[in-house]
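Coordinates in review
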Amino acid sequence: MNATAARKEMVRALVARNAITSSSVEHAFLEVPRHVFVPNVPTAKAYVPDVAIPTHFGSDGVSISSSSAPAIMARMLEGLGCRAGDRMLEVGTGTGYNAALLSHLVGPDGSVSSIEIDEVIAREAEAHLRAAGVSGVRTVVGDGWQGDPLGAPFDGIVVTAGVSDLSPAWVTQLREGGRLVLPLWLGPGFEVAINFERRGDTLSSLAIEWCGFMGLRGANAGPERWVAVGRWDANVVGSTADQVDRLSALLAGQGRAEHAPALPKSWFAQLAIRE
């Protein structure tokens, strides 16, 4: 299957599961070639709706940047409600794919500012954007926690890294009625993408979606602690060194398949809240 056919199939799947609900977001996903932003990945894998693709790793082997799964990207973009001519801020440029989608949504009369804390990753994203023929994205190297005061106010802000708190800068740089969409980390295994709307000095939540994102980097990174365990990245916040060693040994062993009973409704939420 070539890239165009794979992209159309991905979009059909996203529409069928209601991840994409508007014609504008559908058109953006059809027009922007994700495989250009992950050039070292097989084309077929680039267009799997639920696959996040790690692209950079720290010295400890833990992923520090990735291209998020298209399914959650679509839901967050739908929640953002971009319109032609809007001014948008993205915190966490990554590969540049999400910025390209934003640029397509706001059109030539709009603008997109995208902040990336890692200069190497930012420059790669710029190269990907050029290769895809995308203009209208201003890439800034800096700490996204501070937002982009030079580009404010924004009609919408999207954060593409897990956070455990909200930066005051994001609120003050958002216009009245503007939307802030971000993954909020509430505890191990308990992260939700929340769609906020600014109403005066208040943020009102409009929608919540289960998600999983790499944590924000920089001075205001949250309490999450990740370690590389075999082929997995494990969140071990609150765990002792002995517990991490036992987890490593468990995952390094030979697994076995067993039949399991059907999971009860809302099992994930119940488990996360109980834990």
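Structure shown above.
Keep in mind that this is a model prediction, so the values were computed, not measured.

Concerning the overall build of the protein
Counting its regular elements, the protein contains 10 helices and 11 strands. Scaling as 2.2 N^0.38, a compact globule of 275 residues should have a C-alpha radius of gyration of about 19 Å, and the protein matches this with 19 Å. Taking all 275 residues of the protein together, the buried fraction comes to 44%. Once local pairs closer than 6 in sequence are excluded, the contacts in the protein between residues at least 24 apart make up 53%. Approximately 14,000 Å² of the protein is accessible, and the part contributed by carbon and sulfur atoms is 53%. Of the charged side chains in the protein, 23 are positive and 29 negative; the average position of the first set lies 5 Å away from that of the second.

Notes on the packing of aromatic side chains
In this structure the tally under the stated criterion is 4 aromatic pairs. A centroid spacing of 5.4 Å and a plane angle of 65° characterise the contact between Trp145 and Trp170, whose relative ring orientation is edge-to-face. Of this pair, Trp145 sits in the loop between strand S5 (137-141) and strand S6 (154-159) while Trp170 is found in helix H8 (residues 168-172), placing the two residues 25 residues apart along the sequence. Classification of Trp145 by relative accessible area gives buried; the value is 11%.

Quick look at the sheet that holds strand S7 (residues 174-187)
Backbone hydrogen bonds hold the strands of a sheet together, and the pairing may be parallel or antiparallel. Spatially, the 7 strands line up as an open sheet ordered S5-S4-S3-S6-S7-S8-S9, and their pairing is mixed. Sheet topology places S5 and strand S9 (202-210) at the edges, where each strand pairs with a single neighbour. Averaged over neighbouring strand pairs, the angle between their axes works out to 20° when direction is ignored. Along the sheet face, helix H5 (residues 70-80) touches strand S3 (87-91), S6, S7, strand S8 (190-199) and S9 and points at about 150° away from the line of S7.

Thoughts on unusual backbone geometry
Omega for the bond connecting Ala152 with Pro153 falls within 30 degrees of zero, at 0°, which places this linkage in the cis form. Among the structural elements, Pro153 can be located in the loop between S5 and S6. With phi around 65°, Asn18 is a residue other than glycine that occupies positive phi space. Note that Asn18 resides in the loop between helix H1 (3-16) and helix H2 (23-31). The class of Asn18 is exposed, set by a relative accessible area of 56%. A positive phi is found at Ser266, a non-glycine position, where the angle reads about 60°. As for its placement among the helices and strands, Ser266 is situated in the loop between helix H9 (241-252) and helix H10 (267-274).

Thoughts on the environment of Pro261
By secondary structure assignment, the location of Pro261 is in the loop between H9 and H10. Judged by its relative accessible area of 71%, Pro261 is exposed. Distance from Pro261 to Val171, taken between C-alpha atoms, is 45 Å for residues 90 residues apart in sequence.

Describing the state of the cysteines
Following the criterion strictly, the structure yields 0 disulfides and no others. Not engaged in a disulfide, the cysteine Cys82 finds its nearest cysteine sulfur in Cys211; these two sulfurs lie 18 Å apart. The class of Cys211 is buried, set by a relative accessible area of 18%.

Considerations on the environment of Ala122
In this fold, Ala122 is placed in helix H7 (residues 119-131). Residue classification places Ala122 among the buried positions, given a relative accessible area of 0%. Each C-alpha atom of the pair Ala122 and Glu31 lies 22 Å from the other, and the pair is 91 residues apart in sequence. Excluding its chain neighbours within four sequence positions, the residues that come into contact with Ala122 are Glu116, Thr139 and Val141.

Topic: the nonpolar core
Among the nonpolar cores identified, the biggest contains 42 residues, and Phe29, Leu80, Tyr97 and Leu101 are the most heavily contacted of them. For this core, the secondary-structure elements that each account for two or more residues are H1, H2, H5 and helix H6 (97-106). Those residues in contact with Leu101 that sit more than four places away from it in its chain are Ala28, Phe29, Val32, Met73 and Leu77. Core analysis: the next-biggest nonpolar cluster, separate from the first, contains 18 residues, Val91, Leu184, Val192 and Leu216 among them.

Regarding the pattern of salt bridges
In this structure the tally under the stated criterion is 14 salt bridges. Across the pair Arg199 and Glu197 runs a salt bridge, and its minimum N-O distance is 3.0 Å. Classification of Arg199 as partly exposed rests on a relative accessible area of 43%.

Rules used in this analysis
- Residues numbered from 1 in each chain as written.
- Predicted model: local features only at pLDDT ≥ 70, side-chain atom pairs only at ≥ 80, totals over all residues.
- Heavy atoms only, no water.
- Helix = DSSP H or I, 4+ residues; strand = E, 2+ residues; numbered from the N terminus.
- Rg over C-alpha atoms; globule rule 2.2 N^0.38 Å.
- Buried < 20%, exposed > 50% of the residue type's maximum accessible area, 1.4 Å probe, protein only.
- Contact = heavy atoms within 4.5 Å.
- Areas by Shrake-Rupley, 256 points an atom, 1.4 Å probe, with all protein chains shown as cover.
- Lys, Arg positive; Asp, Glu negative; His and termini not counted.
- Charge placed at Lys NZ, Arg CZ, Asp CG, Glu CD.
- Phe/Tyr/Trp six-rings, centres within 6.5 Å; stacked < 30°, edge-to-face > 60°.
- Pairing = 2+ DSSP bridges.
- Axes fitted to C-alpha atoms, helices over the stretch in contact; angles between N-to-C directions.
- Disulfide = S-S within 2.5 Å.
- Core = buried A, V, L, I, M, F, W, Y, C linked by side-chain atoms within 4.5 Å.
- Salt bridge = Lys/Arg side-chain N within 4 Å of Asp/Glu carboxyl O.

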